[in-house]
Amino acid sequence: MPADLDVLIIGGGSNGTGLCRDLAKRGARVLLCEKGDLARGATGGSSGMIHGGPRYLLNDVETTKHSCEDSGYIQRIVPHLLFRIPFLTPVEKKPGLGVLGPLLHDVYFGVYDRYAALKNGIPHARLTTAEMRAIEPGLAGDFAGGVTLDEWGIDCGRLCLLNAKDAIAHGATVMTYTEVVGLLQDQSGRVSGARLRSAGAAEVREVKARVVVNCGGPWAEKIAGLAGGGVRLRPGKGVHLIYEKRLTNFAVITSAVDGRQVFVLPYQNETWIGTTDDDYYGDLDDVHATQDEVRYLKEAITRILPGIAQQRLIGARVGVRNTIFGWGKNEDELSRRYDIVDHTRLGAPGLFSLLGGKLASFRVQAAETADAVCGALGIPGRCETHLHKLPGGDSMPDEAELARAYGVDRLAVRRLIHRHGSLAPRVLDVGRETPTGFSVVCAGEPTLECEVRHAVRHELVVRLGDLMTRCRIGVGACQGVDCGLRAAQIFAEERGLDPEDEREALMDLLSRRWRAARPVLTGLQLAEAELLMTQYTGLWQLPALVPHA
Amino acid sequence: MYDVLVIGTGMAGCIAALEARRLGAKVAVASRSWGATALSSGALDIAYTPALSRAHQMPRTLAEHVLDIIAHRRRHPYAVLGVERTIANVEKGFAALAKALAPSELNPRPLDFEAENVSLPSSLGALLPAASALAPHVGLDLVAPVKGTIGVLQLPGLWSFDARRVTAGVRHDAAALGVEATGLEVVPVSYDAAVSAPVLARRLDDLANVDVLARALAGKGKGFVALLAPPVLGLDRHAWVRQRLSVALGAPLVETLAHTPSVPGMRLQRALDRAVRAAGIDGVGDVAAVAIASGKVTGVTTVDQLEINAGAFVLATGRFVAGGVGWGERPKESLFDLPIASEEGPLEADGPDAVLRETPMESHPLMTAGITVNSALAPMREGRVAHANLFAAGMVIGGFASRYVLCADGVAMATGVEAGRNAALAAGAAS
């Protein structure tokens, strides 16, 4: 346990890890505690885009501008994690609107273009219906034309990891599966540290820090409550459906039955359909998609892309937005602005809360929070997180050359470079240690054995399920039937686990998968689930054939 | 025109077809592709009720397990058939299977209802209770005390078989059963096997490749009473391969049971396919549509637009893996649109959530979903026989999941024999 801390950060999402990096680079002594794995809450459930969000233009222009600006910086510091997502908005014919429909969209996105340059976006283009159908043949409906725009996707799991890794390189400590169960306060109410408990442990430890920053995302209200409260969120549950592979050329925007915006998003090797946005009053630690939400999204999308109904749905991602409280508005009209609260005025000096915000502007949110914290601590220096690359972001290795040098398939190398950037050769070097080092662990991705070993050794992996966000183990079509077993084996080898612990490790991965798969367990997924259960309960007795009655 | 058309050629469909043929019917089988049988482990599961066995803390015979199943699961096919018919049919089906597998040298360990299940090691290191198993996996019951040490072969590159995991897992499971496990030791073999299990198995059907492996194994068996091998030693010529390698080792060689993709499952399916052909049963391809007139099934149309007519039909299309039962917009049986029920009762169309539990490895009612049948194994719709000349066999029948009680092969045998006979009788073809 590090002593003599300047700052304790609570939460390992994009805000918490971004802040941790910023403060560590300024020389502060920082500890970050996350009760689960990195990038699990609002960050993990997000659409994974660093965009301005044209939908915020109507009532939240500042958010659009901020996000576009910071998106540009994020692209510069971590280019390998990014991928372009071209969007298409088909404009449906509406009675009485005629050519006005596309024109209105044209003007609207014309406004957006002014911000788009900040994030290296290509200006929008207006398309005729014929042009639109040529680039996206699956579209069904009566259209007056369409408009394209350009956004960027990012691997947010790895973004948080790289923030954390860079922070560690600058002296910070990052502890996952460590929950803050209480805050230390003196007579005057000043917050001077926290009580921590590791997952599964009974013992509670105390850690002292001059300042505590609450980056708890949707849990921020609860964390602030440990020191008397005073902040308020209006958490919004968001569901994405995940289809097995890329189903469209473009991301397509349309509207749902209630008129809210819904999109199809080709994302990495998958297709996401999202998102719902509903006030959430339930248990933040037990969020799952409901049948209604699944139907709402399916209905909205199959209306304009009917072919998707035949495709294989492999899961539903769920997250809860950390939206700042507002009264009297619908969920999708709430501002995505952020707020840095100094709890001095709430009677708890030494505590700060970073509330709200967007993934696309996590860096500037972190920078402003770090300014406030450093101001309070008297730490000089300023934000440099936009000037220096995140690990692996400095250059892109040559795909063909690496494939040749290590005798690995080019596609696997391409995916490896996407995740590791200039550090890809270091990951490949691990492959030379074992005869099967370059074999494919997850065929759907494809992920190599060496990458799994590297992640287990160097990427803050505590549980097997953490590999889902490190190198996409268990997230694809096989649901872990294939790759889970192999990954568990590698994990056990690296950690020296006995068979019982290895089975438990695999259960962790499968249980996480199950939360996502359960609400959509139909079609071919059901066959996969039957196979998975037969294999693991049957041939490995996980967990030793649970008694029935 | 056939007397009987069996739809599905897994274990249940093949046994039904062979039984109808044995009774003198002219039989055809329709098949889409391989299903759960081809993914099976090499064990033959007849009856094992883990919860009850653990609760009772005492050994139980196979017959007692059948009784337990019937007493506790009223929708289980064994309960539908009743205990006497279940045991008689399993014995009959098992005999038919043994005969069908003999030419492929897969002869299963003899069945004995008065004996306990044996414990066989799986490729994942668990000790699995099984009533019987195919020949390559028989010979080492690791719970029964064996004097001496057993070697576990590790082929480098064959990651799907981890000898370390197998030895540690067997030790652990044996200890959990309160048995002192036999000594086990990993035996590394220098043979480059960096391919998948099915590819390696096919490769080892070739003499030249077996010779290379035999040289790598020469003398390695010294000091071991037996050796446990990954379930990859040959696909069609497995008996010959095992024999040859055993000679090189100087010790007996037994394969573990397999996880997917399973070479033992492939061997079994290939042997069944051959037996069906050898019995003079035609194969007609995949069924695209069924024709029904005045309450009876009259024929089917295959995907190649062939029209096949028959006097009676057996539905043996399997469950989710094989596609006999599915859930698109609602749960359904895929050929006749028969209603689906789990062991808890009819399924609602709302969504799978209601019939699934919180964590993956619990007993999910959805995993027991299938059609409902009467005691003659005729599929039911709204309390009545759906079609007078249609009978069902195997996992398309609901009321059980193969892994909550280990019984899938027994169900295939018991229902396969019954459905095959009833179809032959309904077609007026039984002699």
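Residues numbered from 1 in each chain as written. Chains lettered and ligands numbered in written order. Predicted model: local features only at pLDDT ≥ 70, side-chain atom pairs only at ≥ 80, totals over all residues. Heavy atoms only, no water.

J.: Even after reading the chapter, I still don't get the overall build of chain A, so can you show me in this structure?
T.: Secondary structure assignment for chain A yields 16 helices and 19 strands. Its C-alpha atoms give chain A a radius of gyration of 23 Å, within 12% of the compact-globule value 24 Å for 549 residues. The principal-axis extents of the C-alpha atoms in chain A amount to approximately 70 × 60 × 60 Å. The 549 residues of chain A split such that 62% are buried. Partitioning the intrachain contacts of chain A with sequence separation of at least 6 by distance along the chain shows that 72% fall at a separation of at least 24. If you sum the accessible surface of chain A, you get close to 20400 Å²; carbon and sulfur atoms cover 52% of it. Here chain A contributes 64 positively and 67 negatively charged side chains, and the mean placements of these two sets differ by 2 Å. (Helix = DSSP H or I, 4+ residues; strand = E, 2+ residues; numbered from the N terminus. Rg over C-alpha atoms; globule rule 2.2 N^0.38 Å. Buried < 20%, exposed > 50% of the residue type's maximum accessible area, 1.4 Å probe, protein only. Contact = heavy atoms within 4.5 Å. Areas by Shrake-Rupley, 256 points an atom, 1.4 Å probe, with all protein chains shown as cover. Lys, Arg positive; Asp, Glu negative; His and termini not counted. Charge placed at Lys NZ, Arg CZ, Asp CG, Glu CD.)

J.: Would you mind going over the confidence of the model for chain A with me for this structure?
T.: Detailed reading of the predicted model is not advised wherever pLDDT is low. Overall, the prediction assigns chain A a mean pLDDT of 89, with 94% of residues at 70 or greater. Note that residues 543–549 of chain A has pLDDT below 50 and, in this model, twelve contacts with residues that lie over four places away or in other chains. (pLDDT = per-residue confidence, 0-100.)

J.: It is not clear to me how the interface of chain B and chain A should be interpreted in this structure. Could you clarify?
T.: Frequently, the measure chosen for interface size is the accessible area that the parts lose on association. Counting from both sides, the interface comprises 50 residues of chain B and, opposite them, 46 residues of chain A. Between chain B and chain A, roughly 4500 Å² of surface is buried when both sides are summed, and carbon and sulfur atoms account for 60% of that area. For the chain B face of the interface with chain A, the top three residues by lost area are Trp159(B), Met361(B) and Arg403(B), together amounting to 18%. There are four salt bridges connecting chain B and chain A. Notably, a salt bridge pairs Arg165(B) with Glu502(A), separated by 2.3 Å at the nearest N-O pair. Broken down by element, the side of chain B that touches chain A gets its largest block of residues, six residues, from helix α6 (residues 163–176) of chain B. (Buried area = accessible area lost by both parts, 1.4 Å probe. Salt bridge = Lys/Arg side-chain N within 4 Å of Asp/Glu carboxyl O.)

J.: What am I meant to see in the environment of Val225(B) here?
T.: With respect to the secondary-structure elements, Val225(B) resides in strand β9 (residues 224–229). As for Val225(B) and Leu253(B), which are separated by 28 residues in sequence, their C-alpha atoms are 9.5 Å apart.

J.: Looking at this structure, I do not really get the domain arrangement of chain A. What am I missing?
T.: All names here are of chain A. By domain assignment, chain A separates into domain 1 (5–43 + 157–232 + 335–377), domain 2 (82–154 + 235–332) and domain 3 (399–545). In this structure, domain 1 and domain 3 have C-alpha centres spaced 30 Å apart. With 13 residues of domain 1 in contact, the opposing surface of domain 3 contributes eleven residues. Taken together, both faces of the contact between domain 1 and domain 3 bury some 1100 Å²; the carbon and sulfur share is 51%. In this structure, the connection of domain 1 to domain 3 is made through two salt bridges. The interface formed by domain 1 and domain 3 includes eight residue pairs in polar contact (both at pLDDT 80 or more). The element that contributes the greatest number of residues to the side of domain 1 that touches domain 3 is helix α5 (residues 156–169), accounting for six residues. (Domains from an automatic or database assignment. Polar contact = N/O pair within 3.5 Å; in protein donor to acceptor, adjacent residues only side chain to side chain.)

J.: Please clarify how a negative patch on the surface should be interpreted in this entry.
T.: All names here are of chain A. Taken together, the side chains of Asp498, Glu500, Asp501 and Glu504 present a region of like negative charge at the surface. Mapped onto the elements, Asp501 comes out in helix α15 (residues 499–517). Judged by relative accessible area, which is 32%, Asp501 ranks as partly exposed. (Patch = residues over 30% accessible without salt bridge, like charges linked within 9 Å, V, L, I, M, F, W, Y side chains within 5 Å.)

J.: How do you make sense of the nonpolar core when you look at a structure like this?
T.: One broad trend across soluble globular proteins is that nonpolar side chains are buried collectively. Ranked by internal contacts, the top residues of the largest apolar core, which has 132 residues, are Leu467(A), Ile473(A) and Leu5(B). No other element matches helix α11 (residues 408–426) of chain B, which puts nine residues into this core. With residues near it in sequence (within four places) discarded, Leu5(B) still touches Ala28(B), Val29(B), Ala30(B), Val284(B), Val300(B), Ile308(B), Ala310(B), Ala312(B), Phe313(B) and Val314(B). Formed by 42 residues, the second largest nonpolar core is a distinct cluster that contains Leu127(B), Ala174(B), Phe224(B) and Val241(B). (Core = buried A, V, L, I, M, F, W, Y, C linked by side-chain atoms within 4.5 Å.)

J.: Any chance you could explain the confidence of the model for chain B here in plain terms?
T.: Residue-level pLDDT values for chain B average 91, and 96% of them are 70 or greater. Note on the complex model: pTM 0.90, ipTM 0.88.

J.: Can you help me understand the sheet that holds β9(B) in this one?
T.: Across a sheet, strands are paired by hydrogen bonds formed along the backbone, either parallel or antiparallel in direction. Residue and element names in this part refer to chain B. Taken in spatial order, the four strands make up an open sheet running β8-β7-β9-β10, and their pairing is parallel. Each of the sheet's edge strands pairs with one partner strand only, and the pair in question is β8 (183–188) and β10 (253–255). Each neighbouring strand pair of the sheet contributes to a mean axis angle of 30 degrees, computed without reference to strand direction. As paired strands, strand β7 (residues 149–154) and β9 are joined by four bridges and run parallel to one another. (Pairing = 2+ DSSP bridges. Axes fitted to C-alpha atoms, helices over the stretch in contact; angles between N-to-C directions.)

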